[in-house]
Amino acid sequence: MEVSISDSGRPATERAAEFRPVDFLRKGHSQSGDLYNAPGSALLILNQPIEDAETFDRIWQHTSYRLCADGGANRLYDMVAAKYTSQTLEYLPSIVHGDLDSLRDDVRTYYLSRGVDVSRDPDQYSSDFGKAMQKISQKFAETPNVQRKVLIHGSLGGRVDQGIGMLHEMFREQLNHPALQMWLFSESSISFILLKGTSIIHTPMSEAYLTPNVGILPIYGLATISTKGLEWDVKDWKTSMGTQVSTSNHIVADRIAIETDAPVLFTVERAPELPA
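Because the structure is a prediction, the values reported are computed rather than measured. (Residues numbered from 1 in each chain as written. Predicted model: local features only at pLDDT ≥ 70, side-chain atom pairs only at ≥ 80, totals over all residues. Heavy atoms only, no water.)

As a further point, take the packing of aromatic side chains. Going through the model one piece at a time under the given rule, you end up with 13 aromatic pairs. Ring plane angle 50° and centroid distance 5.1 Å describe the contact between Trp60 and Tyr91, whose orientation is recorded as tilted. Taken together, the residues Trp60 in helix 1 (residues 53-61) and Tyr91 in the loop between helix 2 (72-83) and strand 6 (95-98) connect sequence positions 31 residues apart. Judged by its relative accessible area of 1%, Trp60 is buried. On the basis of an interplanar angle of 70° and a centroid distance of 5.3 Å, the ring pair of Tyr77 and Tyr110 is categorised as edge-to-face. Separated by 33 residues along the polypeptide, Tyr77 in helix 2 and Tyr110 in helix 3 (residues 105-113) bring together distant segments of the chain. Here Tyr77 and Tyr110 have matching classes, each one buried. (Phe/Tyr/Trp six-rings, centres within 6.5 Å; stacked < 30°, edge-to-face > 60°. Helix = DSSP H or I, 4+ residues; strand = E, 2+ residues; numbered from the N terminus. Buried < 20%, exposed > 50% of the residue type's maximum accessible area, 1.4 Å probe, protein only.)

Dropping the structure here:
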C-alpha cells in the first residue's frame, strides 16, 4: 500500500508497512483474506503467568511454531491444568528451550513423554528470550526474504527491569532479523515496533476487539512523527523520553497512519472481553 501523510519535505509517497492486530484475536480467517497462522508465524511463551486463557488460545491458534522459553513451559502446563480437567494435545509446544534452570521436573517429564523437544543452551551471556529467538530465526532461515510474525506472550506488570529488558530485546531482535515482525501480547495490550517510514495500522473499532486507547512511545530514542486517525493527531512532532510523548491518545478511525524517522513503540489496548 502506498500512502502520503505529510508535507514535511520527505518523499510524498512511499511503501507502507501494514499491521493488523485484530487478526490475531479473531477466530479463523482475517479480514485481509489470509490466515495469520501461516507457516511463518511463531509464538514465544515467556516465564510469566498466563492469566487470560481466551486471548492466549486465540494467539496460539494463529501460530504454527510454539516455543516455551525455559519456565514458560511451566506457565503453559499450569494454565492448561487449571483450565481443563486433563492435559490436551492441542497445547503441546513445538519445543522447550533455554538454560532450563527454571523448568520443573514434572513439566519436563510430561512434555518429553509426549514427544516435545526439550533442549538446553547453557550460554550465560544470553537471556532465555535471546536463546529462544535464535531457535526461531533458525526455524525460518530457509526463507529469509519472507516476513515472519513472532507473537510474544509476556508481561509488563512485574519487575520494571525485566519489562524494560524485554522491550530492549524485542528491539534488538527486530534489528537483527528484519524479516521478523515482533508482537508483544502483555496483560492488556498489544505492542509492536514501528520502524522508520510510514506504517498503516488497521483498527476496526466497530468489531470491539480493541479499545480506543493507544500510545506512541519513543523508548528507543528521539523521533519525529506525523499521525492520521487519532484524536490528537500531530505533524512533524518531535518526541523523546523526558520531553514530550504521545500517551493516552485515542483511535478515531478504522485505519491509523504513522510516519516516523526513527523506531518507536506503538501500543493499543485490547478489549477486556473478546467477541465470540
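Still more ground to cover, so stick around.
This part is about the sheet that holds strand 17 (residues 264-270). Pairing is mixed across the open sheet formed by 10 strands, whose spatial order is 7-6-5-4-8-9-10-17-12-15. Two strands bound the open sheet, and with one partner strand each, they are strand 7 (117-120) and strand 15 (246-250). Strand-to-strand twist of the sheet, defined as the mean angle between neighbouring strand axes without regard to direction, takes the value 20°. Strand direction decides the pairing type here: strand 12 (residues 210-217) and strand 15, joined by three bridges, are antiparallel. Within strand 15, the position partnered with Asn213 by the bridge is His250. Here helix 1 sits on the sheet in contact with strand 4 (41-45), strand 5 (65-69), strand 8 (148-153), strand 9 (180-185) and strand 17, set at roughly 145° to strand 4. (Pairing = 2+ DSSP bridges. Axes fitted to C-alpha atoms, helices over the stretch in contact; angles between N-to-C directions. Contact = heavy atoms within 4.5 Å.)

Next up on the list: the pairing of strand 6. Across a regular strand the side chains alternate sides, sitting on one face of the sheet and then on the other. The side-chain alternation of strand 6 yields two buried faces, one formed by Ile95 and His97 and the other by Val96 and Gly98. As paired elements, strand 5 and strand 6 share three bridges and run parallel to each other. Looking at the pairing, Leu67 lines up with Ile95 of strand 6. Looking at chain direction, strand 6 and strand 7 are connected through four bridges and run parallel. Each residue of the ladder has a partner; that of Val96, found in strand 7, is Val118. Taking the sense of rotation as the criterion, the β-α-β connection linking strand 6, helix 3 and strand 7 turns out right-handed. (Right-handed = clockwise from strand over helix to strand, strands pointing away.)

Before going further, it helps to spend a moment on the sheet that holds strand 14 (residues 237-239). A sheet is described by the order of its strands in space; here five strands give the open sequence 3-11-16-13-14, paired in mixed fashion. Each edge of the sheet is formed by a strand with only one pairing partner; in this case those strands are strand 3 (17-19) and strand 14. Put simply, the sheet's adjacent strands are angled 30° from each other on average, direction ignored. Of the pairings in the sheet, the one linking strand 13 (residues 223-228) to strand 14 comprises three bridges and is antiparallel in character. Counterpart to Ala223 in the pairing with strand 14 is Thr239.

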